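Fold and geometry: a report
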Amino acid sequence: MRKMLNPISILLFIIHFFILYLWLFEWEKLYTAPWLWGWGISTLGGGVIYFTHYKKSTDHIVYKKLLLSSTFTMVAIAVLSFLVDSTVDSMP
């Protein structure tokens, strides 16, 4: 499993980067059920991998920081999306 962590981290970073691109430029596509599921699963997967395998590890610092920053970004844009959506819904 240890040998698979680096490729999985890179794959999750690429997925997170693509979701960020969709969120910034093509948000209509992102707010469909399959993309929202993908967003949630990739964010959850990044968090699980970081907290179970990388948190106490002192090796693979670059992959560790890459995964943490991309996962944190996904959580931040999810919160921001929720705030924007609730603000727009509360307008008359």
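It should be noted that the structure appears before, not after, this text.
In this numbering scheme, every chain counts its residues from 1 along its sequence in written order. The predicted nature of this model means local features are confined to residues of pLDDT at least 70 and side-chain atom pairs, given and counted, to a pLDDT of 80 or more, with totals for whole chains, interfaces and linings taken over all residues. Hydrogens and water molecules were not included; the side-chain quantities draw on all heavy atoms of the structure.

1. Here we look at a nonpolar patch on the surface
- Exposure above 30% relative accessible area and no salt bridge define the residues that can form patches, which grow by joining like charges within 9 Å and nonpolar side chains of Val, Leu, Ile, Met, Phe, Trp and Tyr within 5 Å. Using a 1.4 Å probe, accessible areas were evaluated by the Shrake-Rupley method; residue-level cover was limited to the displayed protein chains. One side-chain nitrogen of Lys or Arg within 4 Å of one carboxyl oxygen of Asp or Glu is enough to make a salt bridge. Where nonpolar side chains cluster on the molecular surface, the patch consists of Val-75, Val-79, Leu-80, Phe-82, Leu-83, Val-84 and Val-88 and spans about 630 Å² of accessible area.
- Helix and strand definitions here come from DSSP, where helices need a minimum of 4 consecutive H or I residues and strands a minimum of 2 consecutive E residues; each element is numbered from the N-terminal end. One can find Leu-80 in helix α4 (residues 61-90).

2. Examining the pattern of salt bridges
- The final tally for this structure, using the stated rule, is one salt bridge.
- Here Lys-29 and Glu-26 are joined by a salt bridge, their closest N and O atoms 2.9 Å apart.
- A relative accessible area of 49% places Lys-29 in the partly exposed class. For every residue, the accessible area (1.4 Å probe, protein chains only) is compared with the maximum for its type, and the residue is labelled buried under 20%, exposed over 50%, or partly exposed between those bounds.

3. What about the packing of aromatic side chains?
- Two aromatic rings from Phe, Tyr or Trp, using only the six-membered ring of Trp, form a pair when their centres are within 6.5 Å; if the ring planes differ by under 30 degrees the pair is stacked, by over 60 it is edge-to-face, and anything between is tilted. Scanning the model with the defined rule gives six aromatic pairs in all.
- Aromatic side chains Tyr-21 and Phe-25 sit 5.3 Å apart centroid to centroid with 45 degrees between the ring planes, which places their arrangement in the tilted category. In this pair, Tyr-21 and Phe-25 are both assigned in helix α1 (residues 2-25), four residues apart and thus about one turn of the helix distant.
- Overall, the relative accessible area of 35% leaves Tyr-21 in the partly exposed class.
- Taking the relative accessible area as the measure of exposure, Phe-25 reaches 59% and is therefore exposed.
- For the ring pair Trp-27 and Tyr-31, a centre distance of 6.2 Å and an interplane angle of 65 degrees mean the geometry is edge-to-face.
- A residue is classified by how much of its surface remains accessible, and Trp-27, at 46% relative accessible area, is partly exposed.
- Feature note: the residues Phe-18, Tyr-21, Phe-25 and Trp-35 constitute an aromatic cluster, connected by ring pairs.

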